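# Tertiary structure, described
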Amino acid sequence: MKSILLKTSPLLLAIAVSGCDTTALLNTAGETDAASKAFGSASANNVVAQSAYLKGGILADLSNSFRAATPDMINFAFNSTVLDTEARAILDRQAAWISANPAIRFRVYGHTDKVGSNSYNQRLGLRRAQAAVNYMVARGVPRAKLEAVSSFGETRPLVDTQNRERLNRRTVTEVVGFARGFVGDDLDGKYANGFYLGYVSGGL
């Protein structure tokens, strides 16, 4: 499976081709020459805009691509963290997509229905998230790319009912950012140049 970063915005390539260090751009604003100051201010504004785009537009695109490739949700039996056949099949697809896109980090959120106390359901939801993460790690996904977070418990139902509801007993896997050393995390000129060379050669 080819990395989805091949399909991201031209802005990413513009950053990569420039091979520039964002700190250097920001420092330009400190020079005494008025033109240099103006250039530095514009550069600083561009860096802020680029950062916002990387954290917004690209992550939104990646999230949409992930959901188009695989369901982002699995469901559980009542009061259970056991992964059934359907859940394992979905997690296999998630694991394959995540492994094919090493630049991206994910979180897995656990949820429950409203039967039982909120404190119990918080713990149950977290155990469900951990079960999903552990399964994908066993399928070869680096643990550092996946985080099982404190669950939403019963607080975010898909179906608003006090009764047992399978749709509410779920985990949801979401794109949350970029792995260390990849786009959006300390993107420097050396990495940007390497990323660009890999892109144009079709190696990424």
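Presented here is an overview of the structure given in this document. Please read these numbers as outputs of a predicted model, since none were measured by experiment. (Residues numbered from 1 in each chain as written. Predicted model: local features only at pLDDT ≥ 70, side-chain atom pairs only at ≥ 80, totals over all residues. Heavy atoms only, no water.)

### What about the side chain of Thr171?
Note on placement: Thr171 falls in strand S4 (residues 170-178). Judged by its relative accessible area of 1%, Thr171 is buried. When near neighbours in sequence (up to four residues on either side) are disregarded, Thr171 contacts Asp72, Met73, Ile74, Phe76, Val108, Tyr109, Gly110, Arg128, Ala129 and Ala132. (Helix = DSSP H or I, 4+ residues; strand = E, 2+ residues; numbered from the N terminus. Buried < 20%, exposed > 50% of the residue type's maximum accessible area, 1.4 Å probe, protein only. Contact = heavy atoms within 4.5 Å.)

### Digging into the packing of aromatic side chains
In the structure shown here, the tally under the stated rule is four aromatic pairs. Ring geometry for Phe66 versus Phe106: centroids 5.2 Å apart, planes at 55°, classification tilted. Placement of the pair is Phe66 in helix H3 (residues 34-69) and Phe106 in strand S2 (residues 104-110), with a sequence separation of 40 residues. Phe106 shares its class with Phe66; the two are buried. Plain terms: the ring middles of Tyr109 and Phe152 are 5.3 Å apart, the flat faces sit at 15° to each other, and that makes the pair stacked. Taken together, the residues span a long stretch of sequence, with Tyr109 in strand S2 and Phe152 in the loop between strand S3 (146-148) and S4 at a distance of 43 residues. Of the residues examined, Phe152 reaches a relative accessible area of 21% and is grouped as partly exposed. An aromatic cluster is built from Phe66, Trp97 and Phe106, whose rings are joined through pairwise contacts. (Phe/Tyr/Trp six-rings, centres within 6.5 Å; stacked < 30°, edge-to-face > 60°.)

### Focus: the sheet that holds S4
Strand order in the open sheet formed by four strands is S1-S4-S2-S3, and the pairing between neighbours is mixed. Of all strands in the sheet, those with a lone pairing partner are strand S1 (73-75) and S3, marking the two edges. Between one strand and the next, the sheet's axes are offset by a mean angle of 25°, whatever the strand orientation. Sheet strands touched by helix H4 (residues 85-100): S1, S2, S3 and S4. Its angle to S1, the strand with the most contacts, is close to 155°. On the sheet, helix H5 (residues 118-138) packs against S1, S2, S3 and S4 and is oriented at approximately 160° with respect to S3. (Pairing = 2+ DSSP bridges. Axes fitted to C-alpha atoms, helices over the stretch in contact; angles between N-to-C directions.)

### A look at the nonpolar core
Ile74, Phe106, Met136 and Leu146 are the most contacted members of the largest nonpolar core, which has 26 residues in total. Contributing elements (two or more residues each) for this core: H3, H4, S2, H5 and S4. Examining the composition of this core, we find that six residues originate from one element, H4, more than from any other. (Core = buried A, V, L, I, M, F, W, Y, C linked by side-chain atoms within 4.5 Å.)

### Things to note about the pairing of S4
Within S4, seven of the nine residues are buried, which leaves the element mostly enclosed by the surrounding structure. By the bridge criterion, three bridges tie S1 to S4 in an arrangement that is antiparallel. Each residue of the ladder has a partner; that of Ile74, found in S4, is Thr171. Taken together, the seven bridges between S2 and S4 define a ladder with antiparallel strand orientation. Counterpart to Val108 in the pairing with S4 is Thr173.

### Let's talk about the pattern of salt bridges
By the definition in use, this model includes five salt bridges. Among the ionic pairs, Arg107 bridges to Glu147, the shortest N-O distance being 2.8 Å. Taken together, the residues span a long stretch of sequence, with Arg107 in strand S2 and Glu147 in strand S3 at a distance of 40 residues. (Salt bridge = Lys/Arg side-chain N within 4 Å of Asp/Glu carboxyl O.)

### Brief notes about the pairing of S2
For S2, the buried fraction is high: five of the seven residues fall into the buried class. Two elements, S2 and S3, share three bridges in a ladder whose sense is parallel. Each bridged residue has a counterpart across the sheet, and for Val108 the counterpart in S3 is Ala148. Regarding the hand of the β-α-β motif, the stretch spanning S2, H5 and S3 is right-handed. (Right-handed = clockwise from strand over helix to strand, strands pointing away.)

Any link to function would need more than the numbers given here.
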